[in-house]
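Each chain is listed here by its residues.
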Amino acid sequence: MPEYEFVDVYVPRGVSRKDAARLLTDHAEYGHWELDRLSLHRDGSRRVRLRRRIIRQVRATW
């Protein structure tokens, strides 16, 4: 089963949808993050949880 690391990103209510999408695209493109969960709050703010897979190296035995 793959292991993931998570990061929470808070997007305040004054940020437009376009700017929020650009922010998340930058995280995905340059940090190799993918969207795990997005919650939209009543005040218009968004809390986004991003995840990326942890790749563990296995030591080779000779």
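In case you missed it, the structure is sitting above this.
Residues numbered from 1 in each chain as written. Predicted model: local features only at pLDDT ≥ 70, side-chain atom pairs only at ≥ 80, totals over all residues. Heavy atoms only, no water.

Draft legend 1. Quick look at the nonpolar core. Residues Val 9, Val 11, Ala 20, Trp 33, Val 48 and Leu 50 constitute the largest nonpolar core, which totals six residues. Each residue touching Ala 20, except ones within four places of it in the same chain, is listed here: Val 11, Val 15 and Arg 46. (Core = buried A, V, L, I, M, F, W, Y, C linked by side-chain atoms within 4.5 Å. Buried < 20%, exposed > 50% of the residue type's maximum accessible area, 1.4 Å probe, protein only. Contact = heavy atoms within 4.5 Å.)

Draft legend 2. Examining the packing of aromatic side chains more closely. Summed over the entire model, instances satisfying the criterion amount to zero aromatic pairs. For the cation-ring pair, Arg 49 lies above Phe 6, with the distance from its terminal atom to the ring centre recorded as 5.2 Å. Across the ring face of Tyr 4, the terminal group of Arg 51 is positioned such that the distance to the ring centre comes to 4.2 Å. (Phe/Tyr/Trp six-rings, centres within 6.5 Å; stacked < 30°, edge-to-face > 60°. Lys NZ or Arg CZ within 6 Å of the ring centre and 35° of its normal.)

Draft legend 3. Up close: the pattern of salt bridges. Across all of its chains, the model carries six salt bridges by this definition. Via salt bridges that share partners, Glu 34, Asp 36 and Arg 51 belong to a single interconnected network. (Salt bridge = Lys/Arg side-chain N within 4 Å of Asp/Glu carboxyl O.)

Draft legend 4. Region of the structure containing the sheet that holds strand E1 (residues 3-11). Taken together, three strands build an open sheet; the order of strands is E1-E3-E2 and the sheet is antiparallel. Both edges of this open sheet fall to E1 and strand E2 (34-40), since each of them pairs with a single strand only. Here the strands of the sheet are splayed against their neighbours by 20° on average, with no regard to which way each runs. Pairing of E1 with strand E3 (residues 46-54) involves nine bridges; the strand directions are antiparallel. Bridge assignment links Val 11 to a residue of E3, and that residue is Arg 46. With respect to the sheet, helix H1 (residues 17-31) is in contact with E1 and E3, its orientation differing from that of E3 by roughly 10°. (Pairing = 2+ DSSP bridges. Helix = DSSP H or I, 4+ residues; strand = E, 2+ residues; numbered from the N terminus. Axes fitted to C-alpha atoms, helices over the stretch in contact; angles between N-to-C directions.)

Draft legend 5. Quick look at the pairing of E2. The sheet contact formed by E2 and E3 spans six bridges and is antiparallel. For Leu 38, the partnering residue across the bridge sits in E3 and is Val 48. Where E2 folds back on E3, the antiparallel hairpin that results is connected by five residues, among which Gly 44 adopts a positive phi of roughly 100°.

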